[in-house]
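# Structure assessment
So you can see what is in the structure, the chains are spelled out below.
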Amino acid sequence: MIDGSPYQGYLYAYPHKTSYRPLEPRPALADVWRDEPLDALFLYVHVPFCEMRCGFCNLFTRANAPASMVTDYLRQLRHQAAHLAFDGATFARAAFGGGTPTYLEADELADLFDICTSVLGARLPGIPLSVETSPATATPDRLAVLTAHGTTRVSIGVQSFLDAEAHAAGRPQRRADVERALGAIRDARVPVLNLDLIYGIDGQTPESWQLSLDAALAWRPEEIFLYPLYVRPLTGLGRRAVSRDDWDTQRLTLYRQGRDALLAAGYRQESMRQFRLPSVRDDGPDYSCQDDGMIGLGCGARSYTRELHYSFDYAVGIGEVRAVLDDYLSRPPADFGYAEVGFRLDEAEQRRRWLIKSLLRAEGVNASAYRKQFGTGPEEDFPQLAQLTTAGLAEPDGLRLTPAGLERSDAIGPWLTSVSVRHAMAGYQAR
Ligand code: SF4
């Protein structure tokens, strides 16, 4: 329903992980990857640790893990990586996410790079690498390890420059620590600094939002992501149930204010959430065929082949996250050689994935690239796109969202989701 709430769901990946189900029997990874192109893979490494659990976060992460657990995790990553070192595999891009990869100490980060280079053969430095960090962990010693290995982008979740707002979003932090971390990242001369802000926090006003926007712009980050706040099951905020009747209005108002402020400051809008300085080199759209080959390393990482998206088990609740992590930490090395839960994409789903991922970006769907890939045009395969045009949400060809469409991305994505994925997502028991 594109005419419902603009905030129905964030489709950062299609199909959503909640549509994954146990694969029985578990396919061997060697078979899963046997016929896949391996010449331009994406490497994603998941570090499931954070120094605190933010109230809005539904990512797979554990707060305040003891040092011994981090050591054990790195050992298991090395075992898992050994099963992913396919002959001829070449990585074109990489990302460390989580969690907070910089929860690892500097020497542990160096060990993580060694796994990527020595075991998997990734060229670091040499390929674009993005690493997520946090105000408390963006320290000079860790950043030095990142830059020594050619990190091209560091992304920091600030959320709000106002201490009270950060606290209301379930992320108690001090502005002084945020500013210190941003200074350290700039001192480290990482080429791209991305800064995340959140709007829709309880008590946030246009004035307070502007303070955060101005504070962010003072650093002139190469990228800024503006995230609407969601309250999701089993998160800290979910338990406090802060949603309000006028919340959609507040979020839409603050979104427009943020978008306009960033456009006026010279940023280009890449998607509903992403804004980037035009001077920043694009490392390629994330919906290309290249993206189909993603090798995930770590207990919460997804992997994508053309026909199978898979991962280990997934959880949000504190107890369940610990159980899945414990399972990962106690696995015998031979047990990393299989895909465990996943979703098989038939050709119709592959087309839908391409469409959704490209339509929700500002540049829209490249019809000739789509036709080259699938042999038909996106308008033929998805006649419902005409409804977007009729509603003023897309240009006349239906392949590029208007500003009104971009701000409703979180309604258009779910609207385009297939019945079978929707059905699987609805059947997922949050835990
Ligand atoms: S939002 Fe980021 S820092 Fe906060 S708990 Fe989630 S992964 Fe960790």
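Above this text you will find the structure in question.
Residues numbered from 1 in each chain as written. Predicted model: local features only at pLDDT ≥ 70, side-chain atom pairs only at ≥ 80, totals over all residues. Heavy atoms only, no water.

All right, on to the overall build of the protein chain then. Counting its regular elements, the protein chain contains 17 helices and 15 strands. Taken over C-alpha atoms, the radius of gyration comes to 21 Å for the protein chain, in line with the 22 Å a tight globule of 431 residues would show. Its C-alpha atoms put the protein chain at 55 × 55 × 40 Å along the principal axes. Expressed as a percentage of the 431 residues in the protein chain, the buried residues total 58%. For the protein chain, the share of sequence-separated contacts (at least 6 apart) that also reach a separation of at least 24 residues comes to 78%. Looking at charge distribution, the protein chain has the averaged site of its 46 positive side-chain charges lying 1 Å from that of its 55 negative ones. (Helix = DSSP H or I, 4+ residues; strand = E, 2+ residues; numbered from the N terminus. Rg over C-alpha atoms; globule rule 2.2 N^0.38 Å. Buried < 20%, exposed > 50% of the residue type's maximum accessible area, 1.4 Å probe, protein only. Contact = heavy atoms within 4.5 Å. Lys, Arg positive; Asp, Glu negative; His and termini not counted. Charge placed at Lys NZ, Arg CZ, Asp CG, Glu CD.)

Our next topic: the nonpolar core. In this structure, F49, L388 and I412 are the most contacted members of the largest nonpolar core, which totals 125 residues. Here F49 is in contact with T61, R62, A65, M69, V70, Y73, G99, T100, Y103, L104 and L325, once residues within four sequence places are set aside. Core analysis: the second largest hydrophobic core is formed by eight residues, F56, A169, I201 and L229 among them. (Core = buried A, V, L, I, M, F, W, Y, C linked by side-chain atoms within 4.5 Å.)

Close to the ligand lie C50, M52, R53, C54, F56, C57, L59, T61, G99, T100 and R171, which account for all nearby residues. Its residues assigned to classes, the shell around the ligand shows six nonpolar, three polar and two charged. (Near = heavy atom within 4 Å. Nonpolar A, V, L, I, M, F, W, Y, C, P; charged D, E, K, R; others polar.)

Glancing now at unusual backbone geometry. Cis geometry is found at the peptide bond from Y14 to P15, where omega equals -5°. Along the polypeptide, P15 turns up in the segment before β1 (21-22). The linkage connecting L124 with the following residue, P125, adopts the cis geometry, with an omega of 5°. The residue P125 is located in the loop between α3 (106-119) and β6 (129-133) in this model. Of note in the backbone geometry, N64 takes a positive phi value of approximately 55° without being a glycine. Tracing the backbone shows N64 in the loop between β4 (62-63) and α2 (67-82). Unusually for a residue other than glycine, Q159 sits at a positive phi of about 75°.

Under the defined criterion, the tally for this structure stands at 29 salt bridges. As a salt-bridge pair, E347 and R351 come within 2.5 Å of each other at their nearest N and O atoms. In this pair, E347 and R351 both sit in helix α11 (residues 347-359), four residues apart, roughly one turn of the helix. Members of the salt-bridge network, linked through shared partners, are R26, D327, R331, D335 and E340. (Salt bridge = Lys/Arg side-chain N within 4 Å of Asp/Glu carboxyl O.)

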